[in-house]
Amino acid sequence: MIYHVLKHLLFGPILKLLFRPRVEGLEHVPEEGAAIVAGNHLSFSDHFLMPVMLDRRITFLAKQEYFTGPGLKGRLTAAFFRGVGQIPVDRSGREAGRAAIREGLGVLDRGELLGIYPEGTRSPDGRLYKGKVGVAVMALTAGVKVVPCAMVGTFEIQPPGRVLPRIRRVTIRFGEPLDFSRHAGMAGQREVVRAVTDEIMSAILALSGQEYVDAYAADVKAAGDAAEEPGKFPPA
């Protein structure tokens, strides 16, 4: 109920009016049944601009920090994400990763649309970073197709650290669904899930036209933070 009010009556019309998103390949998103939409992650605005362009409801695995922030802003942010049905995910440690996969599989088991950012965090500089294998594990375990998605222009309107987005037009591209049924039953094989993840990232790259970096965005961010602190050095 809250999801549809926010999407169709409040935020959706405003976002469409302000940013006038161009949408390409919307026909590739299945009208029913379970599927994963896997996209690049350039901006906080991605959480809003892509979902409002879909006819179907989409549930994202959102970082837990969105639900635990302090003060009035934190409470409002948490209320919004809960209202639109997003699932909080603890991103620290291996067990946290398993918990996120379980939550995602629950969405797919209900025949719903699951949204995920394989990079695991926002790009610090607008480039596309190496994908984490959770998206492949979920796709192979649930036996669902993956629709690649590229947000274009959202880094320019709201890069990390910018509170309010610039009002500019953005583009959202959906690619043809990727079918990994040839790898059925192989979700536990490391080489397979790595190859499937890389195939998904390659499809996103083809849609977005970004520069690709063969490293995890979280590691690059951590190295940058360490280099900025006096007396600390980035990891070798």
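Residues numbered from 1 in each chain as written. Predicted model: local features only at pLDDT ≥ 70, side-chain atom pairs only at ≥ 80, totals over all residues. Heavy atoms only, no water.

Q: Before we go on, may I ask you to explain the packing of aromatic side chains in this structure?
A: Under the defined criterion, the tally for this structure stands at two aromatic pairs. Ring centres of F60 and Y117 lie 5.2 Å apart, and the angle between their planes is 25°; this geometry places the pair in the stacked category. Placement of the pair is F60 in strand β3 (residues 58–63) and Y117 in the loop between β5 (113–116) and β6 (128–129), with a sequence separation of 57 residues. One exposure class covers both F60 and Y117, and it is buried. (Phe/Tyr/Trp six-rings, centres within 6.5 Å; stacked < 30°, edge-to-face > 60°. Helix = DSSP H or I, 4+ residues; strand = E, 2+ residues; numbered from the N terminus. Buried < 20%, exposed > 50% of the residue type's maximum accessible area, 1.4 Å probe, protein only.)

Q: Looking at this structure, I do not really get helix α7 (residues 190–208). What am I missing?
A: Since the α-helix packs 3.6 residues into each turn, any two residues three or four apart lie on the same face. Look at α7: 27 Å from first C-alpha to last across 19 residues, which is about the 27 Å you get at 1.5 Å a residue. Here α7 has its buried residues at V192, V193, R194, V196, T197, I200, M201, A203, I204, L207 and S208. Where α7 is buried, its residues meet β2 (35–39), β6, α5 (134–142), β7 (146–152) and β8 (171–174). Positioned one or two residues after α7, G209 has a phi angle of 70°, which is positive. (Expected span 1.5 Å × (residues − 1). Contact = heavy atoms within 4.5 Å.)

Q: Even after reading the chapter, I still don't get the packing of α5 against α7, so can you show me in this structure?
A: Between two packed helices, both the angle of their axes relative to each other and the distance between the axes serve to describe the pair. Orientation of α5 relative to α7, taken along the N-to-C sense of each, is 105°, at an axis distance of 8 Å. Overall, the two elements α5 and α7 adopt an arrangement that is roughly perpendicular. Of the residues in α7, those touching α5 at V135, A136, V137 and L140 are V192, V193, V196, T197 and I200. (Axes fitted to C-alpha atoms, helices over the stretch in contact; angles between N-to-C directions. Parallel < 35°, antiparallel > 145°, perpendicular 65-115°, else oblique.)

Q: Honestly, the environment of E27 in this entry has me stumped. Any pointers?
A: Along the chain, E27 turns up in the loop between β1 (22–24) and β2. Each C-alpha atom, one on E27 and one on F174, is 8.2 Å from the other, the two residues being 147 residues apart in sequence.

Q: Could you clarify how one ought to interpret unusual backbone geometry in this entry?
A: Trans peptide bonds make up the majority, and among non-glycine residues the majority have a negative phi. Phi angles above zero are rare outside glycine, and R20 is one such case at about 40°. Checked against the element boundaries, R20 lands in the loop between α1 (2–19) and β1.

Q: Hey, could you run me through α5 in this one?
A: For α5, a buried count of seven out of nine residues is recorded, marking the element as mostly surrounded by other parts of the structure. When α5 is considered as a whole, its buried residues turn out to be G134, V135, A136, V137, M138, A139 and L140. Looking at the residues trailing α5, positive phi occurs at G143, about 65°.

Q: Any chance you could explain the sheet that holds β3 here in plain terms?
A: Across the sheet, seven strands lie side by side as β1-β8-β7-β2-β5-β3-β4; this open sheet has mixed pairing. This sheet does not close on itself; its edge strands, each paired only once, are β1 and β4 (87–89). Across this sheet, the average inter-strand angle for adjacent strands is 25°, counted without regard to direction. In this sheet, β7 lies alongside β2 in parallel orientation, the contact comprising four bridges. Following the sheet pairing, V37 is matched in β7 by V147. The sheet contacts of α7 involve β2, β7 and β8, and relative to β7 the element is tilted by about 35°. (Pairing = 2+ DSSP bridges.)

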